[in-house]
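Chain residues, written in single-letter form:
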Amino acid sequence: MYNFEIERPGTIEEAVAALAAEEAQALGGGQTLIPTLKARLAAPAKLVSLSGIAELKGLRREGDRLVIGSGTTHAEVAREAAEAYPALAALAGGIGDPAVRNRGTIGGSLANNDPSACYPAAVLASGATVITSTREIAADDFFQGMFTTALDDGEIITSVSFPVPQAASYQKFEQPASRFALVGVFVAKFADGVRVAVTGASEDGVFRWSEAEAALSEDFSADAISGLSVSPEGMIGDLHGTPEYRAHLVKVLTGRAVAAA
Amino acid sequence: MPDGGIGASSKRREDVRFLTGKGNYTDDINIHGQAYVHFLRSDVAHGRIRRLDTAEAEKMPGVLRIFTAADFEGVGGIPCGWQVTDRHGNPMQEPKHPVLAEGKVRYVGEMIAGVVAETPAQARDAAEAIVVDIEELPAVIDMKEAVKDGAPKVHDELESNLCYDWGFVEENREAVDEAIRNAHHVTTLELVNNRLVANPMEPRVAIGVYDRASDEHTLYTTSQNPHVIRLLMGAFVLGIPEHKLRVISPDVGGGFGSKIFHYAEEAFCTFAAKAVGRPVKWTCSRSEAFISDAQGRDHVTKIELALDEEGHFLAIRTDTYANMGAYLSTFAPSVPTWLHGTLMAGNYKTPLIYVNVKAVFTNTVPVDAYRGAGRPEASFQLERVIDKAAREMGIDPVELRRRNFITEFPYATPVAVEYDTGDYNATMDKLLEMADVAGFEKRLEESRKRGKLRGLGINCYIEACGIAPSSLVGQLGARAGLYESATVRVNATGGLVIMTGSHSHGQGHETAFPQVVADMIGIDPSMVEVVHGDTANTPMGMGTYGSRSLAVGGSAIVRATEKIIAKAKKIAAHLLEASEADIELKDGQFTVAGTDKSVAWGDVTLAAYVPHNYPLEDLEPGLEETAFYDPSNFTYPAGAYACEVEVDPDTGKVEIVSFCAADDFGNVVNPMIVDGQVHGGLGQGIGQALLEHAVYDENGQLLTGSFMDYAMPRASDVPFYKVDHSCQTPCTHNPLGVKGCGEAGAIGSPPAVVNAVVDALQRAGHDVTHIDMPLTPSRVWAAMQQG
Ligand SMILES: Cc1cc2nc3c(=O)[nH]c(=O)nc-3n(C[C@H](O)[C@H](O)[C@H](O)COP(=O)(O)OP(=O)(O)OC[C@H]3O[C@@H](n4cnc5c(N)ncnc54)[C@H](O)[C@@H]3O)c2cc1C
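Residues numbered from 1 in each chain as written. Chains lettered and ligands numbered in written order. Predicted model: local features only at pLDDT ≥ 70, side-chain atom pairs only at ≥ 80, totals over all residues. Heavy atoms only, no water.

Draft legend 1. Molecular detail of the overall build of chain B. In terms of regular secondary structure, chain B is built from 19 helices and 28 strands. Over its C-alpha trace chain B gives a radius of gyration of 27 Å, about what one expects of a compact globule, namely 28 Å for 787 residues. Dimensions of chain B along its principal axes, counting C-alpha atoms only, are 85 × 75 × 50 Å. Looking at chain B as a whole, 63% of its 787 residues are labelled buried. Of the contacts formed within chain B by residues at least 6 apart in sequence, a portion of 80% connects residues at least 24 apart. (Helix = DSSP H or I, 4+ residues; strand = E, 2+ residues; numbered from the N terminus. Rg over C-alpha atoms; globule rule 2.2 N^0.38 Å. Buried < 20%, exposed > 50% of the residue type's maximum accessible area, 1.4 Å probe, protein only. Contact = heavy atoms within 4.5 Å.)

Listed below in structure tokens is the structure:
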């Protein structure tokens, strides 16, 4: 770790102001950022901790939507969304280990947009809205490839607003070492159709599998996708799985998610 | 007999401090005035150092001194402890292994400079400020490429990248070829024994201390064998005689082989402490451990097994490439040769065996012994090829093994070792019962109903441990003796201290060794303490590895205790005014045979130190004895393992649903500790089979340089084990009749897992005969797609 300044603002406004400084960076739960700093792979001059900002925390219902503050930890979502949005709660409960879940936040996960992270699949499949310090961004516009999002410099995520689907499930196939998603598929069924989002698989980060969405919107059953296949082109190939394997898993996990939803 | 003697499952007394955070590990030790070193390590696998400029870095805050190779002129290289002679009678090629890189870097992680500063962060900052310009050279990573003509050379001064081409038994070479040519059936298997990183829970640490007044050096280090480090570093690297060098290895958090070796960091800290005039401490980070701890395994093998019509084994021929990495680590050359070729007979009567091993230098971290060392590689290929042969010939794999079991002992194998005892049918019978093999078909059906492919893998293993007879290993190229030592000191009021040359880094010596001594004397084990890990207060011993501590170190303790008892009987005879021949020791009481005259252990020990009524003219006062024990043979633990798996046909994910181990360890001192040793070994073997793999890219970058990509087994990856060690054929040549149990689990389990997965796929109609470890879901799925 290199030396850095740290600020602990109490409000969103103060945080935004603090982040206007040169080489300032937001610090959520630190579960991604702190290891990066320890490995000396990043050297921000100033960290702006978001963990003291009360308005970024907690879950609330807004009509038929579930709104989650960006500073809400995975453990809190796992516990408190269990009734309102069980598939989302289950996803949060399957991230990392208890230590990670007690610190890591939904905002940090989305801002980081790790291609193997779980939350992006839920946000994209739910058609959620990412609310920031300056605007509202639809999920379809938010994720822009591996570790890339629509966020501008100094812009912070304040909350995420999820429409709650009629039925949903997240199926995660763990990478054996990191236990992030080797492939993860989130299926969400709404009155007006089904959305399927895939994480872990593509070199372009989280994506929607539109053929499956069309087929499942017609017939929400695992059989509905039996004739489909996913192309290995553009899929990640590494030690833990070939592109062919990942493409295959997308279909297997989609089927399982439909069955479990 | 008091409670807690030989055979009692006494709880491990050391666990009280380990489990309550009271252990005293090397990193817990801080010496007044200490400075810290950070090593600048190479980030390229092969290159020529064009420029190394420390001028700016030296001006950084807190920097005391920066060392480069130039500072180590006149200092010896890191020595190799074993010289292998090749097929043609020539010694292996042995390159210099400098403390800091000289002119060239040869693997990612090699130390280029050491920065000593007031704080770890300052040392690290300054290391980053060192200007180093390296001309990158093509790296050699693949062993078969490395030995081709014209391949880039890891060491310019050597003829090639071939360390040695070893043949064993060379005289059998042609006879084996002929037997294979003429055999009824030959089964061939090509396989990889995957490279592993040991990853003990505690990374390495070293602290060098120098006392100018007495000219004495002290090294605190995370070692499995402090005496060996003292000898290697003192005599070969730094030129410090033993009486001026003390090596202390306090609590050590696991080693699994990786802490046997003498590492350059130890020599650096010892050297720098004198040069700087301050204690110098180095604490390895986990990331650094991945690129600096000696790694394990990494063999590429072709094995052929020739059989007659009835399935009797006629001959075995193996052809192995063994990775040495960039330099020869302490025992590296012995692992693929004497710890591997000598075990190729396994549990079977095969008259002719020829093992060829080409040891190869590559631009990777040095490879050396890792739990089992050579023996897992032997067992894996043998037990895999037998399974394949059984399928090819349509013989039940258990039956094929039984048909070839060695049943008469002692048995001299064609690969130079003599098994003293064993009963391979007994462990197999026990295993089949434990694993309910008879009920397998029913479980298979039940798995099928749930859409899972079930498979059963069974295999045997044998190992040679309790290493080893010094005269034998000397002939085989060892540059060290392999005896063990013990001093048993009896205190005036009857308590005892065992000072052992072996070292405990998880094995439970502090509990098991007192059980032995207490049993011999008939006192409570709480009266006995163990001291280990400090060259200043233990007799010179060779340390702990190769499942040797009880078999060799325990034997030394028995011998020393026998001397104690013999002397104590003399004292008792004097006190009881009886003849020494009539004195019996039982339950801590000396009695005169056939009388009710007796004197207690404590009265005798008191007399030894308060010799008022004492035969001073015949006997020295005091009660302290030392013994050195050099075994006459290895010990040969053996057993049979069964693994049952379920494979998910959609994802290729393997789940181990049961694992049974029937081991013959000879006599057992503490069954609970033995269970634990087997559990740990099984965990590591399963880790190797399913998860662990150190992978380099073609440029020599370690792709699995952290736990994000290097998969360690977790609790949920392993089942509840069933282990049994009731089949006991005691070792015939050591006084305890023990064989050693530390490595068995890691040796016997990888073939069981792979056999089980191949079985599952074949039962499901896939034409799959082998999958290389680790059997990741991706690999298993790919295998199912192909056949
Ligand atoms: C051992 C381990 C296992 C893990 N396993 C999984 C897993 O299985 N699945 C998974 O999805 N994740 C996993 N993670 C990652 C975990 O979910 C992290 O918590 C998450 O990626 C980052 O959240 P954080 O709050 O810790 O963010 P931080 O680490 O604090 O920050 C991450 C990035 O986001 C930025 N940031 C943080 N908060 C905001 C905000 N509100 N607005 C804008 N930018 C912000 C930071 O500046 C930084 O760039 C794992 C992590 C670890 C250490």
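Draft legend 2. Quick look at the domain arrangement of chain A. Residue and element names in this part refer to chain A. Taken domain by domain, chain A consists of domain 1 (5-49), domain 2 (56-163) and domain 3 (167-260). Computed from C-alpha coordinates alone, the two centres of domain 2 and domain 3 are separated by 19 Å. Taken together, the 24 residues of domain 2 in the interface contact 21 residues of domain 3. Carbon and sulfur atoms make up 66% of the surface buried where domain 2 meets domain 3, a total of about 1700 Å² over both sides. On the domain 2 side of the contact with domain 3, Ser116, Leu124 and Ala125 bury the most area, a combined 28% of that side's loss. At the boundary of domain 2 and domain 3, one finds two salt bridges. (Domains from an automatic or database assignment. Buried area = accessible area lost by both parts, 1.4 Å probe. Salt bridge = Lys/Arg side-chain N within 4 Å of Asp/Glu carboxyl O.)

Draft legend 3. The arrangement of the domain arrangement of chain B in detail. All names here are of chain B. Domain boundaries assigned for chain B yield domain 1 (15-21 + 483-629), domain 2 (31-137 + 201-254 + 259-290) and domain 3 (299-468 + 633-786). One C-alpha centre belongs to domain 1, the other to domain 3; they are set 39 Å apart. In this complex, domain 1 contributes 19 residues to the contact, which on the side of domain 3 involves 21 residues. Of the roughly 1400 Å² buried between domain 1 and domain 3 on both sides combined, carbon and sulfur atoms contribute 62%. It is Gly546, Ser547 and Ala551 that lose the most area in domain 1 upon contact with domain 3, and together they represent 33% of the buried surface on that side. Counting the contacts that link domain 1 with domain 3 gives zero salt bridges. Across the domain 1-domain 3 interface, the total number found is eight residue pairs in polar contact (both at pLDDT 80 or more). The element best represented in the side of domain 1 that touches domain 3 is helix α15 (residues 549-576), accounting for seven residues. (Polar contact = N/O pair within 3.5 Å; in protein donor to acceptor, adjacent residues only side chain to side chain.)

Draft legend 4. Summary view of helix α10 (residues 397-404) of chain B. Residues and elements named next belong to chain B. Taken residue by residue, α10 has Val398, Leu400, Arg401 and Asn404 as its buried positions. For α10, the arc enclosing every buried residue in end-on projection is 165 degrees, short of the 170-degree limit, so these residues lie on one face. Lining the buried residues of α10 we find β13 (299-307), β14 (313-325), α9 (375-393), α11 (424-434), β18 (453-462) and α18 (744-763). One side-chain oxygen of the residue at the start of α10 lies 3.0 Å from the amide nitrogen of valine 398, identifying that residue as aspartate 396. (Arc of directions from axis to C-beta.)

Draft legend 5. Highlighting a nonpolar patch on the surface. Residue and element names in this part refer to chain B. Residues Leu606, Tyr609 and Val610 make up a contiguous nonpolar surface patch of about 230 Å² in total accessible area. Note that valine 610 resides in the loop between α16 (601-609) and β25 (624-629). Taking the relative accessible area as the measure of exposure, valine 610 reaches 36% and is therefore partly exposed. (Patch = residues over 30% accessible without salt bridge, like charges linked within 9 Å, V, L, I, M, F, W, Y side chains within 5 Å. Areas by Shrake-Rupley, 256 points an atom, 1.4 Å probe, with all protein chains shown as cover.)

Draft legend 6. Representation of the sheet that holds β18(B) within the structure. Residues and elements named next belong to chain B. Read across the open sheet, the four strands follow the order β18-β26-β27-β28; overall the sheet is mixed. Where the open sheet ends on each side, the last strands, each with one partner, are β18 and β28 (721-724). Across the sheet, the mean angle separating the axes of adjacent strands is 10 degrees when strand polarity is ignored. Both strand β26 (residues 638-647) and strand β27 (residues 654-664) contribute to a ladder of 10 bridges, which runs antiparallel. For alanine 638, the partnering residue across the bridge sits in β27 and is aspartate 664. The strands touched by α11 within the sheet are β18, β26, β27 and β28, with β27 carrying the most contacts at an inclination of about 145 degrees. (Pairing = 2+ DSSP bridges. Axes fitted to C-alpha atoms, helices over the stretch in contact; angles between N-to-C directions.)

Draft legend 7. Fine view of the pattern of salt bridges. Tallied over the entire structure, the rule returns 68 salt bridges over all chains. Of the charged contacts, one joins Arg246(A) and Asp238(A) as a salt bridge, the two residues approaching to 3.1 Å between their closest N and O atoms. Residue class for Asp238(A) comes out partly exposed when judged on its relative accessible area of 34%. Between Asp251(B) and Arg17(B) there is a salt bridge, and its shortest N-O distance comes to 2.6 Å. With a gap of 234 residues between them, Asp251(B) in the loop between β11 (245-248) and α7 (264-276) and Arg17(B) in helix α1 (residues 15-19) connect regions that are remote in the sequence. Through salt bridges with shared partners, one network takes in Glu383(B), Asp387(B), Arg391(B), Arg401(B), Glu441(B), Asp759(B) and Arg763(B).

Draft legend 8. Focus on the packing of aromatic side chains. Summed over all chains, the structure comprises 34 aromatic pairs over all chains. Ring geometry for Tyr419(B) against Tyr636(B): centres 4.9 Å apart, planes inclined by 50 degrees, an arrangement best described as tilted. Of the two residues, Tyr419(B) sits in strand β17 (residues 418-419) while Tyr636(B) sits in the loop between β25 and β26, which places them 217 residues apart along the sequence. The pair formed by Tyr419(B) and Tyr636(B) is uniform in burial state, with each residue classed as buried. The residue whose ring lies beneath Lys189(A) is Phe220(A), and the NZ or CZ to ring-centre distance is 5.8 Å. (Phe/Tyr/Trp six-rings, centres within 6.5 Å; stacked < 30°, edge-to-face > 60°. Lys NZ or Arg CZ within 6 Å of the ring centre and 35° of its normal.)

Draft legend 9. Geometry of the pairing of strand β19 (residues 484-490) of chain B. All names here are of chain B. Within β19, six of the seven residues are buried, which leaves it mostly tucked inside the rest of the structure. The sheet contact formed by β19 and β25 spans six bridges and is antiparallel. For valine 488, the partnering residue across the bridge sits in β25 and is glutamate 625. Relative to strand β20 (residues 496-500), β19 is paired through five bridges, and the arrangement is antiparallel. Residue alanine 486 lies in a different strand from β20, and its bridge partner there is threonine 500. Connecting the antiparallel pair β19 and β20 is a turn made up of five residues, with glycine 494 showing a positive phi of about 105 degrees.

Draft legend 10. The interface of chain B and chain A, seen in detail. Taken together, the contact between chain B and chain A spans 23 residues of the former and 22 residues of the latter. Taken together, the two surfaces of chain B and chain A that pack against each other cover about 1800 Å², and 54% of this comes from carbon and sulfur. For the pair chain B and chain A, the interface holds five salt bridges. Among the salt bridges present, the one from Arg40(A) reaches Asp125(B), with a minimum N-O distance of 2.7 Å. Every element with two or more residues in the side of chain B that touches chain A is listed here: α3 (120-129) and α19 (777-786) of chain B. When residues of the side of chain B that touches chain A are assigned to their parent elements, the largest contribution, four residues, is made by α3(B). Looking at the side of chain B that touches chain A residue by residue, the classes come out as 10 nonpolar, four polar and nine charged. (Nonpolar A, V, L, I, M, F, W, Y, C, P; charged D, E, K, R; others polar.)

Draft legend 11. How the structure looks around the environment of Ala581(B). Along the chain, Ala581(B) turns up in the loop between α15 and β22 (583-586). Separated by 12 residues in the primary sequence, Ala581(B) and Ala593(B) place their C-alpha atoms 9.0 Å from one another.

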